[in-house]
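The chain contents come next:
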Amino acid sequence: MNAKPVIELRGIVTRFGTKLVHEGVDLTVMRGEVVALVGGSGSGKTTLLRHIIGLTRPAAGEVSVFGAPLFSGSVKEQRTRRRRFGVLFQHGALFSALNVAENVGFPLRELRLATHAEIANLVALKLAMVELEPSTALLMPAELSGGMVKRVALARALALEPELLLLDEPTAGLDPDRSLAFVELVRSLQRQLGLTVVLVSHDVDTLVALATKIAILSDRRIVSCASLEETMELDHPFVESFFRKPLGLRPLARSGGAH
Ligand SMILES: Nc1ncnc2c1ncn2[C@@H]1O[C@H](COP(=O)(O)OP(=O)(O)OP(=O)(O)O)[C@@H](O)[C@H]1O
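Residues numbered from 1 in each chain as written. Predicted model: local features only at pLDDT ≥ 70, side-chain atom pairs only at ≥ 80, totals over all residues. Heavy atoms only, no water.

- Under an unreviewed UniProt entry, the name given to the protein chain is ATP-binding cassette domain-containing protein, and the source organism is Aromatoleum toluvorans.

### Things to note about the pairing of strand β3 (residues 34–39)
Next, step 1: With six of its six residues buried, β3 lies for the most part within the structure.
Next, step 2: Where burial is concerned, the two faces of β3 agree: the one with Val34, Ala36 and Val38 and the one with Val35, Leu37 and Gly39 are both buried. (Buried < 20%, exposed > 50% of the residue type's maximum accessible area, 1.4 Å probe, protein only. Helix = DSSP H or I, 4+ residues; strand = E, 2+ residues; numbered from the N terminus.)

### With respect to the site of the ligand
Next, step 1: Taken together, Phe16, Lys19, Val21, Gly40, Ser41, Gly42, Ser43, Gly44, Lys45, Thr46, Thr47 and His202 form the complete shell of residues around the ligand.
Next, step 2: Separating an oxygen atom of the ligand from a backbone N or O atom of Ser43 is a distance of 3.2 Å.
Next, step 3: Backbone polar atom of Thr46 to an oxygen atom of the ligand: 2.9 Å apart, as the coordinates give it.
Next, step 4: The set of elements that each furnish at least two residues to the shell around the ligand consists of β2 (19–29) and α1 (45–53).
Next, step 5: A per-element tally of the shell around the ligand places α1 first, with three residues. (Near = heavy atom within 4 Å. Polar contact = N/O pair within 3.5 Å; in protein donor to acceptor, adjacent residues only side chain to side chain.)

### Brief notes about the packing of aromatic side chains
To describe a pair of aromatic rings, one takes the distance between the centres and the angle between the planes.
Next, step 1: Taken as a whole and assessed by the stated rule, the structure comprises three aromatic pairs.
Next, step 2: For the ring pair Phe95 and Phe106, a centre distance of 4.7 Å and an interplane angle of 50° mean the geometry is tilted. In this pair, Phe95 sits in the loop between β6 (85–88) and α3 (100–110) while Phe106 sits in helix α3, placing the two residues eleven residues apart along the sequence.
Next, step 3: Overall, the relative accessible area of 28% leaves Phe106 in the partly exposed class.
Next, step 4: When the ring of Phe238 is compared with that of Phe242, the centres are 4.9 Å apart and the planes differ by 20°; the resulting orientation is stacked. Of this pair, Phe238 and Phe242 both sit in helix α9 (residues 237–243), separated by four residues, roughly a single helical turn. You'll find Phe238 and Phe242 in the same group, each marked buried.
Next, step 5: Put simply, the rings of Phe238, Phe242 and Phe243 pair up and form one aromatic cluster.
Next, step 6: One Lys or Arg, Arg84, reaches over the ring of Phe66 and ends 3.9 Å from the middle of that ring. (Phe/Tyr/Trp six-rings, centres within 6.5 Å; stacked < 30°, edge-to-face > 60°. Lys NZ or Arg CZ within 6 Å of the ring centre and 35° of its normal.)

### What about the domain arrangement of the protein chain?
Reports often express the size of an interface as the amount of accessible area lost when the parts come together.
Next, step 1: Assigned domains of the protein chain: these are domain 1 (1–84 + 162–259) and domain 2 (99–161).
Next, step 2: The interface of domain 1 with domain 2 comprises 17 residues on the first partner and 15 residues on the second.
Next, step 3: Taken together, the two surfaces of domain 1 and domain 2 that pack against each other cover about 1300 Å², and 75% of this comes from carbon and sulfur.
Next, step 4: In terms of surface lost to domain 2, no three residues of domain 1 exceed Arg83, Pro162 and Leu185, which account for 40% of the buried area on that side.
Next, step 5: Where domain 1 meets domain 2, there are zero salt bridges.
Next, step 6: The element contributing the most residues to the side of domain 1 that touches domain 2 is helix α6 (residues 176–193), with seven residues.
Next, step 7: Residues belonging to the side of domain 1 that touches domain 2 are distributed by class as follows: twelve nonpolar, one polar and four charged. (Domains from an automatic or database assignment. Contact = heavy atoms within 4.5 Å. Buried area = accessible area lost by both parts, 1.4 Å probe. Salt bridge = Lys/Arg side-chain N within 4 Å of Asp/Glu carboxyl O. Nonpolar A, V, L, I, M, F, W, Y, C, P; charged D, E, K, R; others polar.)

Listed below in structure tokens is the structure:
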């Protein structure tokens, strides 16, 4: 049986100065799930992702990943655990002074996991995975379109063959066609590689296409984590404003809770 959650958040409390952002956030993500974290602007979605990655630590509560508290065990154990997840930051966050191949190969070089020749092969493989031409490898980030930046960032996130992928606004800044193509790519890779995914997105189409569950962050807590169908049945102001308003009329910033 494979019943251990990939991510378990228990009683997360986050404060920035006097501002309370999370007050007892609980969330469980099981293997193979694609959980979309939604909530009003400033409700603390990105901060929660940062806690899961270990970039920030909550004031109270526990973040467990792959069955163990994030900061437990030896440095070596923590590094090994860290290697099991990949992150796609908002806007891609590529290193502007490195070309595409160097960006994608960066995690492999950093961890000295492979020789030069092996890294070159792996980079070529990852670029093919995200459907980029081999010639892209030598381009600099400034020479890439928005859609290509996302694909390179995704290739880098997949460099260490993670089991867990965290995506912050994966389609932000892309036009609808590129957005759709990128969502299809993520969906197909998620299925092929059996990835567990947590994503933050303001784009309803992205969520609907990808998510197996929608977790709503409101009033400083996760108020619901359920399938799209169940979520749509909820009588909650965020669901009303986010999912039920016709396209173009959806306010993105209602029901934040943290304000
Ligand atoms: N490092 C920080 N220092 C102070 N306040 C912060 C910091 N990071 C986040 N905040 C505040 O915490 C709250 C939650 O921020 P966060 O970015 O997690 O929200 P979000 O739900 O991702 O928002 P959005 O949907 O607008 O991206 C906001 O009010 C933000 O201003």
